[in-house]
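Spelled out, the chains give:
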Amino acid sequence: MDSDTILRLVREVPDHDGFPLVDDLHARFDALAAAHPDRVTVTRIGTSRLGEPLHSYRIGTGSHAAVIVGGVHPNEPIGSWTALHLAETMLGDDAEATALDVTWHIVPTIDPDGMRLNEAWFHDPYDRVFYSRHFYRPAPDSQVEWTFPNNHKSVYFDQVLPETLAFMRLIDDTEPDLLVSLHNGEMGGVYYYLSEDLPDVIDVLHAVPRALGLPLDTGEPESPHLRELAPAVFAMDGVEEVHDYLEGLGVDPAEHIHGASSAAWALRHGALCMVAELPYWSHPDADDQTPTDESYADLLRRCADDLGGSGAELQRVLDAASPMLTIETPFLQGSRAFIPMLTATPETDRARAEREPADRMATVAERFGCEDLVRCFRLRYGGMLLRALEAETTAGTASAPLRRLRDDLAERYALWQADAVTDAAPIPVGKLVGVQYGAILACASHVADPHRASRPVSATIPGGA
Ligand SMILES: [Zn+2]
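Definitions and limits used
Sequence order as written defines residue numbering, which begins from 1 separately in each chain. Only residues with pLDDT of at least 70 get local features here, since the model is predicted, and only at 80 or more are side-chain atom pairs given and counted; chain-wide, interface and lining totals rely on the full set of residues. The basis for every side-chain value is the complete set of non-hydrogen atoms in the structure, without hydrogens or water. Should DSSP find at least two bridges between two strands, the strands are taken to pair. To qualify as a helix, a DSSP run of H or I must reach at least 4 residues; to qualify as a strand, a run of E must reach at least 2; elements of each kind are numbered from the N terminus. Every case where a carboxyl oxygen of Asp or Glu lies within 4 Å of a side-chain nitrogen of Lys or Arg is listed as a salt bridge. For each residue, the accessible area found with a 1.4 Å probe, counting protein chains only, is set against the maximum for its type, and the residue is called buried under 20%, exposed over 50%, and partly exposed in between. When checking whether two residues touch, look at their non-hydrogen atoms; a contact exists if any pair is within 4.5 Å. Between N-to-C directions, angles cover 0 to 180 degrees, with each direction set by a line fitted to C-alpha atoms, over the stretch in contact for helices. Each angle receives one of four descriptions, namely roughly parallel if under 35 degrees, roughly antiparallel if over 145, roughly perpendicular if within 65 to 115, and oblique otherwise. Note on convention: the crossing is left-handed when the near helix lies turned anticlockwise from the far helix by less than a right angle, right-handed when the turn is clockwise. The nonpolar class holds Ala, Val, Leu, Ile, Met, Phe, Trp, Tyr, Cys and Pro. Asp, Glu, Lys and Arg form the charged class, and all remaining residues, Gly among them, are polar. The arc refers to the directions leading from the helix axis to the C-beta atoms. With water omitted from the atoms examined, metal sites may look incomplete; donors here are N, O and S atoms no farther than 2.8 Å from the metal, or 3.2 Å in the case of Na, K and Ca. Under the classification used here, a metal with four donors is tetrahedral if each angle lies between 85 and 135 degrees, square planar if opposite donors are over 155 degrees apart and the others between 65 and 115, a six-donor metal meeting that same test is octahedral, and anything else is irregular.

Enquirer: Looking at this structure, I do not really get the sheet that holds strand β8 (residues 187-188). What am I missing?
Expert: Each strand in a sheet pairs with its neighbour through backbone hydrogen bonds, running either in the same direction (parallel) or in the opposite one (antiparallel). With mixed pairing, 3 strands are arranged side by side in an open sheet as β8-β13-β16. Unpaired on one side and paired on the other, β8 and β16 (425-426) mark the two borders of the sheet. As judged from the 2 bridges shared by β8 and strand β13 (residues 281-282), these two strands associate in the parallel manner. Paired with Met187 across the bridge in β13 is Trp281.

The structure is reproduced here in structure tokens:
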């Protein structure tokens, strides 16, 4: 499939109001399967922790396998529409789409339990304050994406979740040529992770957001060790690179690295792995390379202080509340994992700042990225801690001191809400789906290209044999 066709298909993606609830998403997939019994094969691949069956929908009979999985982070639902749109077009009458020599294995959401805990904001993803207040992200050891087996030097992880085990089996059974786990970001611009440096694919990854009028995210990368293949396209490096980076900073890698990603598992089969990170809101600063009058090192230190300060405030509330909490909610489990990270991350940032030359000035994009991460984390994890405390006030199990802690936190949280960026522009959901869908088509076209040389298999096998 050439890039003109991909851009045409991308422009045809319909817009949506918000995101589908889990039951609605499953019903839509089941309706597709019922309408095309000869072209869709539904396979149960596992069971969620709360007992919900997990299904993969196989579509097409091509000689290249592509595994597309949504809900790997259940707070990232753009992929719900992408998975559905992909399934619909591959069952539709567009001759160029259905001519791709690919068999698709699509999982609408691999973590339905976690996704349901985000459903309160799905009808209105445009208001950041509302979104954050109803936000849920599982603790790292409860995220499907980061609980694949890991075994590298001081790092050893084998606490695989049932959903992750289902995902592992799907990868091992299909030995995919392409793996796309459907993620999204929150604020700024579009960026990608790609497991191979493929200029033909990267050209399309750049062309798709351009065609839809969306900016690339060229500011502060999500993690400082990331290797850039092209603007806003990062190498999907394995645990080895992160381990070396942290060791070089004098930070103990075993404290920061736990499970591996789905990509690490799929690389065992030589899959091309791609992730498209998409924001709900764009901001002009996210792609502005103008230098500021603050050095990059000072920016890192200032944001480290802000984040550490907010983390310490949340930690005080959590510590004071802990003896009075009786309900072990996912919000509490997440708070116990993330709040200490808010106080630990600044330590790494201050160590990074020491290595930056004093005369290296931060760009507007970097300033926006660093400052917005502080806003994002306060709103997310302050909101989750509030939900943990409110589980008790709602259930009638909260003592008077616990109620007062809840009220104090709500007051502090309101200040952070007032500080949320208000001049960010919500992006129509259809365009976000279009970018993810176009990126999948670009990668699928590459792996299905009959003229492509045989695929390179990763030299390292993360997670061990
Ligand atoms: Zn994610």
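More follows now that the structure is in view.
Enquirer: Got a minute to help me understand the pattern of salt bridges in this structure?
Expert: In a structure, side chains of opposite charge can pair up when their charged atoms sit close to one another. Summed over the entire model, instances satisfying the criterion amount to 28 salt bridges. For the salt bridge of Glu354 with Arg301, the shortest nitrogen-to-oxygen distance reads 3.5 Å. Note that Glu354 is positioned in helix α13 (residues 330-355) and Arg301 in helix α12 (residues 296-321), a separation of 53 residues in sequence. On the basis of relative accessibility, which here comes to 28%, the residue Arg301 falls in the partly exposed class. Close ionic contact of Arg406 with Asp407 constitutes a salt bridge, the shortest N to O distance being 3.1 Å. Through salt bridges that share partners, Arg128, Glu186, Asp372, Arg375 and Arg380 make up one connected network.

Enquirer: Looking at this structure, I do not really get the environment of Pro162. What am I missing?
Expert: Counting through the fold element by element, Pro162 comes out in helix α7 (residues 162-174). Separated by 51 residues in sequence, Pro162 and Asp111 have C-alpha atoms that sit 9.9 Å apart. With sequence-adjacent residues up to four places away left out, Pro162 is seen in contact with Thr47 and Arg49.

Enquirer: Looking at this structure, I do not really get the packing of helix α1 (residues 3-11) against helix α8 (residues 199-212). What am I missing?
Expert: Packed helices, taken two at a time, are described by their axes: the angle between them and the distance between them. One can describe the packing of α1 onto α8 by two numbers: an axis separation of 10 Å at closest approach and a directional angle of 40 degrees. The orientation of α1 relative to α8 falls into the category oblique. In this structure, the crossing between α1 and α8 has a hand that is right-handed. Between α1, through Ser3, Ile6, Leu7, Val10 and Arg11, and α8, the contact on the second element is made entirely by Val204, Ala207, Val208, Ala211 and Leu212. Residue classes in the contact of α1 with α8 are distributed as 8 nonpolar, 1 polar and 1 charged.

Enquirer: How should I be thinking about helix α9 (residues 239-248) in this particular structure?
Expert: Note that an α-helix has 3.6 residues per turn; residues three or four places apart therefore point the same way. Along α9, the residues classified as buried are Val239, Glu240, Val242, His243 and Leu246. Relative to the axis of α9, the buried residues are bounded by an arc of 165 degrees and lie together on one face. Those residues of α9 that are buried are in contact with β5 (150-152), β6 (155-157) and α10 (253-256). Of the residues one or two after α9, Gly250 is the one with positive phi, at around 80 degrees.

Enquirer: Can you help me understand the coordination of the zinc ion in this one?
Expert: By definition of the ideal shapes, four donors in a tetrahedron about a metal sit 109.5 degrees apart, and six donors in an octahedron sit 90 or 180 degrees apart. Distances from the zinc ion to its protein donors, His73 (ND1), Glu76 (OE), Glu76 (OE) and His183 (ND1), fall within 2.1 to 2.5 Å. Classification of the site at the zinc ion rests on its 4 donor atoms, whose angles at the metal span 56 to 153 degrees, yielding the label irregular. Positions of the donor residues of the zinc ion, expressed as sequence spacing, correspond to H-x2-E-x106-H. Each of the two residues, His73 as well as Glu76, counts as buried.

So yeah, pure geometry; function would need other evidence.
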